[in-house]
Amino acid sequence: MSGVVSRRLLGSLGAIFGASIIAFVIMRVLPGNPARLILGPLAPRSTVHALNAQLGLYKPIYVQYWRYISHFFQGQWGYSYSEGAQVRTLIGERVPATIELALFAFLITMLASVGLALLVTYRRRPIADRIVRGIAYLGFGTPPFFVSLILLIVFFSILKILPGPEGRLGAQVLPPPAVTHLYTVDALLAGEPGKFLEALEHLVLPGLALGMANFAFLVRLLRANLLEVSREPFITVARGKGLRRWTAFRRHALPNAFLPTLTAGGLVLGEFLAGSVLVEKVFNWPGVGSLVYEAILKQDFSVVQTFVLLSAVMFVLVNLAVDLLYAVIDPRVRVKSVTTA
Amino acid sequence: MSPLRLRSWTGRTGDGEDELAETPAKHDDAAGAGGSLALSVRNLRTVYELGHATVQAVRDVSFDLRHTERLGVVGESGSGKSALALSILGLLEPPGRVAAGEVVLNGRNIMGLSERRLSSIRGREIALILQDPMSALDPVKTIGAQLQQAIAVHNPQLRRSALRRRAVELLGEVDISHAERRLDDYPHQYSGGMRQRVAIAMALANNPKVLIADEPTTALDVTTQAQVLSLLDRLVDEHRAAVILITHNLGIVSEFCDSVSVMYAGRLVESSSCEHIFMRPTHPYSEALLRCVPNPERLVEGPLPAIPGFPPDLSALPAGCTFASRCSVGRELAICHERVPSRQVVQGPVGDASVECHFARERAAGAPR
């Protein structure tokens, strides 16, 4: 067990290191002097020079890198000149919205893909199978911002059954008392079902838009896995013992097919948590993604730089968790780790 | 009960008559108990509907299995043996389905019963052992969990501790040492032979009276094969189960079975006692199969003979006898290519055989081969 943990941890650290290098290099390669951007075009050269020195930009590159990385992990993410606030405060304000959207999108993506994959593999209806595969191809090939627009046109403009791009709540609605900062959860905790529905309504379209591509990916993966596993002799053996078809499927096909899906699910959740810049922008979702969108336009590099590294860390952490979970669930991984430890 | 005789049938093809006379029926009671049948299959027809074509995997097959009888079903790959096994158990998955026929198990027709009813029969009255021990066990569940599941599904009243005790007993019964400790292992920690023994233990967990073993030793190496086969032999005796042993290995049939049916292109083309088929294979296909069995004494004569040609496409069967184009007797004969041979019961030197060949009578009466 400890072998698996230490190997995975090392791998995760490597991934974070790689991401930090990329974020660092992008910052140095992009045109524009940070001090000039902060001070504006009218500031005298000597002031720019002084600020550059203060920012440590004349120090050797490895010192600059060390400063950047150590500050990042200390939570000193710099100052956003465009917003006039600490980056940490800005991101802290935006993170709950992104997390809520990510979890919601993840939930519906998993439910829909598991449900549909089960339906077509257990029932073996060729027509249903073709429809699901069709949806999957469509979702796979359509960019999320386009899906967002289509969803808005259909459900907001034409059908008028879901709210438009107005963020997490309607304009006149106050957020529920903050506990988790996830509006749906907080509304339930405060016992305000009306507000819960309001928050949920606002989650549906961005959640669908965010989840579509990954739903396509997951449903295809799970369908293929389930089909493969359901043809395994151990399913026939289980039914031969006297298990009903559904029981054999549930107890033996599902757990086996779910193992690879777990890894994929980790990737998907990591991707959702890392934020979706375009979907958040389209729906005016006050999350990290739309913050980054603004920051890019304003060349506010301290925000972008923090976001890149932060999303890498998120992604790596989720996948680390999945890997560890895998080692708990799959006896083959577990035993391998015992022998290598 | 007679012990397993690890002899090779090939040694007695030449001068078989005397030796056969000394060989007792492997199951003396099998021959006697004519009245009650363990299993009776009538006009079973199984098809796979693949959209563009319909594959006729099992074509109108009928046979009887007496209590404690051991029937060998022999044939090439793709002759429909496994489809037959799955059809009997009602375990075919789409696109396969049983198009017609009856399966009478212990006196009642189980064909067309609901999945609920069938599942209460499977494992309790009729059980299954599959070919590949590597994939016959769920890789993410312990051996113990899978054994206990086999017991629990028909004995829901048993408590955990009782289930575990019974599972340990079962593992011990199939000669797995340190059964108590090995119960919590996963399949990948067992060798192939051990897994197949676990599969046997699972199949016999509820004392079924009919056991269908689909190539139970094919995936094992030769020494393990012999061990597993002798274990199966002992346990089947102890449990007094009737067996349908599906195999392409005639050596195993001669060691294990009382009677044999040769399957070709979805039909049983010859059914008889073991003695008959090894001494007087009447259908030309049976004879050709026998000739293809490797015999160490004949290796000097050159490469192994093979049956020329391929089995027919089961979705586009030829007119007449399906074996005609490969047959040493009927390849050139118009009757074989035009008329489907009917089933005839013929008298051989050692009992009856029912054979589907236009020349069955002549061949049964002819010189020993």
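Residues numbered from 1 in each chain as written. Chains lettered and ligands numbered in written order. Predicted model: local features only at pLDDT ≥ 70, side-chain atom pairs only at ≥ 80, totals over all residues.

Participant: I keep staring at the overall build of chain B and nothing clicks. Help me out?
Facilitator: Counting its secondary structure elements, chain B contains 14 helices and twelve strands. Out of the 369 residues in chain B, the part that is buried amounts to 48%. Across chain B, every contact between residues at least 6 apart in sequence was considered, and the portion connecting residues at least 24 apart equals 67%. (Helix = DSSP H or I, 4+ residues; strand = E, 2+ residues; numbered from the N terminus. Buried ≥ 20, exposed ≤ 12 C-beta atoms within 10 Å, placed from the backbone. Contact = placed C-beta atoms within 7 Å.)

Participant: Looking at this structure, I do not really get unusual backbone geometry. What am I missing?
Facilitator: Among all residues save glycine, negative phi is the norm, and among peptide bonds the norm is trans. Residue and element names in this part refer to chain B. In this structure, the amide linkage connecting Pro94 to the following residue, Pro95, adopts the cis form with an omega of 10°. Its identity as a non-glycine residue notwithstanding, Asp60 has a phi of 55°, on the positive side. Here Asp60 shows up in strand β2 (residues 54–66). Judged by local crowding, Asp60 falls into the partly exposed class, with 16 C-beta atoms found within 10 Å. Phi angles above zero are rare outside glycine, and Asp175 is one such case at about 65°. You can see Asp175 is positioned in the loop between α6 (160–173) and α7 (179–182). The exposure class assigned to Asp175 is partly exposed, which follows from the 15 C-beta atoms found within 10 Å.

Participant: Whenever I open this one, the confidence of the model for chain A confuses me. Can you help?
Facilitator: Residues shown with low pLDDT carry predicted positions that ought not to be read at fine detail. All names here are of chain A. Here chain A shows a mean pLDDT of 85. Residues at 70 or above account for 96%. Ranking the elements of chain A by mean pLDDT puts helix α15 (residues 331–340) last with 53 and helix α10 (residues 233–241) first with 93. Contacts from residues 336–341, a stretch scored under 50 in pLDDT, to residues over four places away or in other chains number seven contacts. (pLDDT = per-residue confidence, 0-100.)

Participant: So what exactly am I meant to see when it comes to the environment of Pro305(B) here?
Facilitator: Residues and elements named next belong to chain B. Considering the arrangement of structural elements, one finds Pro305 in the loop between α12 (284–291) and α13 (334–338). Each C-alpha atom of the pair Pro305 and Leu37 lies 38 Å from the other, and the pair is 268 residues apart in sequence. Those residues in contact with Pro305, other than ones at most four positions away along the chain, are Arg291 and Cys292.

Participant: Sorry if this is basic, but what is going on with the interface of chain A and chain B here?
Facilitator: It is common to report an interface's size as the accessible area lost on association of the parts. Taken together, the contact pairs 20 residues of chain A with 29 residues of chain B. In terms of residue count, the dominant contributor to the side of chain A that touches chain B is α10(A) (seven residues). Of the residues in the side of chain A that touches chain B, the class split is seven nonpolar, five polar and eight charged. (Nonpolar A, V, L, I, M, F, W, Y, C, P; charged D, E, K, R; others polar.)

Participant: Whenever I open this one, the domain arrangement of chain B confuses me. Can you help?
Facilitator: Residue and element names in this part refer to chain B. Split by domain assignment, chain B resolves into domain 1 (9–137 + 204–279) and domain 2 (284–365). At the level of secondary structure, the elements contributing two or more residues to the side of domain 1 that touches domain 2 comprise β2, α10 (250–256), β9 (259–264), β10 (267–273) and α11 (274–279). In terms of residues, the side of domain 1 that touches domain 2 owes the most to one element, β10, which gives six residues. Taken together, the residues that form the side of domain 1 that touches domain 2 break down as twelve nonpolar, eleven polar and four charged. (Domains from an automatic or database assignment.)

Participant: Would you mind showing me how to read the domain arrangement of chain A here?
Facilitator: For chain A, the assigned domains are domain 1 (2–86) and domain 2 (90–297). Domain 1 of chain A and domain 2 of chain A are separated by 34 Å when their C-alpha centres are compared.

Participant: Quick question: what am I supposed to make of the environment of Arg125(A) here?
Facilitator: Looking at the secondary structure, you find Arg125(A) in the loop between α5 (87–123) and α6 (126–141). Separated by 43 residues in sequence, Arg125(A) and Arg168(A) place their C-alpha atoms 39 Å apart.

Participant: Looking at this model, I keep getting lost on the sheet that holds strand β5 (residues 108–109) of chain B. Mind explaining?
Facilitator: All names here are of chain B. Read across the open sheet, the four strands follow the order β2-β1-β4-β5; overall the sheet is antiparallel. In the strand order of this sheet, the two ends are held by β2 and β5, each with one partner. Here strand β4 (residues 96–105) pairs with β5 via two bridges, running antiparallel. Counterpart to Leu105 in the pairing with β5 is Arg108. Its contacts with the sheet put helix α3 (residues 81–89) on β1 (37–49), β2 and β4, and the angle it makes with β2 is roughly 65°. (Pairing = 2+ DSSP bridges. Axes fitted to C-alpha atoms, helices over the stretch in contact; angles between N-to-C directions.)

Participant: I tried to follow the pairing of strand β8 (residues 242–247) of chain B on my own but got confused; where do I start?
Facilitator: Look at any regular strand and the pattern is simple: side chains alternate between the two faces of the sheet. Residue and element names in this part refer to chain B. The element β8 is extensively covered by neighbouring structure, given that six of its six residues are classed as buried. With five bridges joining them, strand β3 (residues 70–74) and β8 adopt parallel strand pairing. The residue of β8 that forms the bridge with Val73 is Ile246. Bridge analysis of strand β7 (residues 210–214) against β8 gives five bridges, and the strand direction is parallel. Across the sheet, Leu211 pairs through a bridge with Val243, a residue of β8. Taking the sense of rotation as the criterion, the β-α-β connection linking β7, helix α9 (residues 222–239) and β8 turns out right-handed. (Right-handed = clockwise from strand over helix to strand, strands pointing away.)

Participant: Is there a simple way to think about the sheet that holds β8(B) in this case?
Facilitator: Each strand in a sheet pairs with its neighbour through backbone hydrogen bonds, running either in the same direction (parallel) or in the opposite one (antiparallel). All names here are of chain B. Strand order in this open sheet of eight strands is β6-β7-β8-β3-β9-β10-β12-β11, and the pairing throughout is mixed. Strand pairing shows two members of the sheet lacking a second neighbour, β6 (126–129) and β11 (343–348), which therefore form its edges. Across the sheet, the mean angle separating the axes of adjacent strands is 20° when strand polarity is ignored. When β11 meets strand β12 (residues 351–356), the two strands line up antiparallel, connected through six bridges. Residue pairing in the sheet places Gln347 in a bridge with Asp352 of β12. Across the sheet, helix α8 (residues 192–204) touches β6 and β7, and the angle it forms with β6 is around 170°.

Participant: Can you walk me through the nonpolar core in this structure?
Facilitator: A general feature of soluble globular proteins is that nonpolar side chains tend to end up buried together. Among the nonpolar cores identified, the biggest contains 172 residues, and Leu147(B), Ala201(B), Val210(B), Leu211(B) and Ile212(B) are the most heavily contacted of them. At 15 residues, the largest contribution of residues to this core is made by helix α9 (residues 193–230) of chain A. Apart from residues no more than four positions distant in its own chain, Ala201(B) is found in contact with Leu147(B), Leu170(B), Leu171(B), Glu173(B) and Val174(B). (Core = buried A, V, L, I, M, F, W, Y, C linked by C-beta atoms within 7 Å.)

Participant: Explain the environment of Ala102(A) to me, please; I cannot follow it from the model alone.
Facilitator: Residue and element names in this part refer to chain A. Tracing the chain through its elements places Ala102 in helix α5. Once the C-alpha coordinates of Ala102 and Ala23 are considered, the two residues, 79 residues apart in sequence, prove to be 23 Å apart. Not counting the four nearest positions on each side in its chain, Ala102 is found in contact with Leu269, Phe272 and Leu273.

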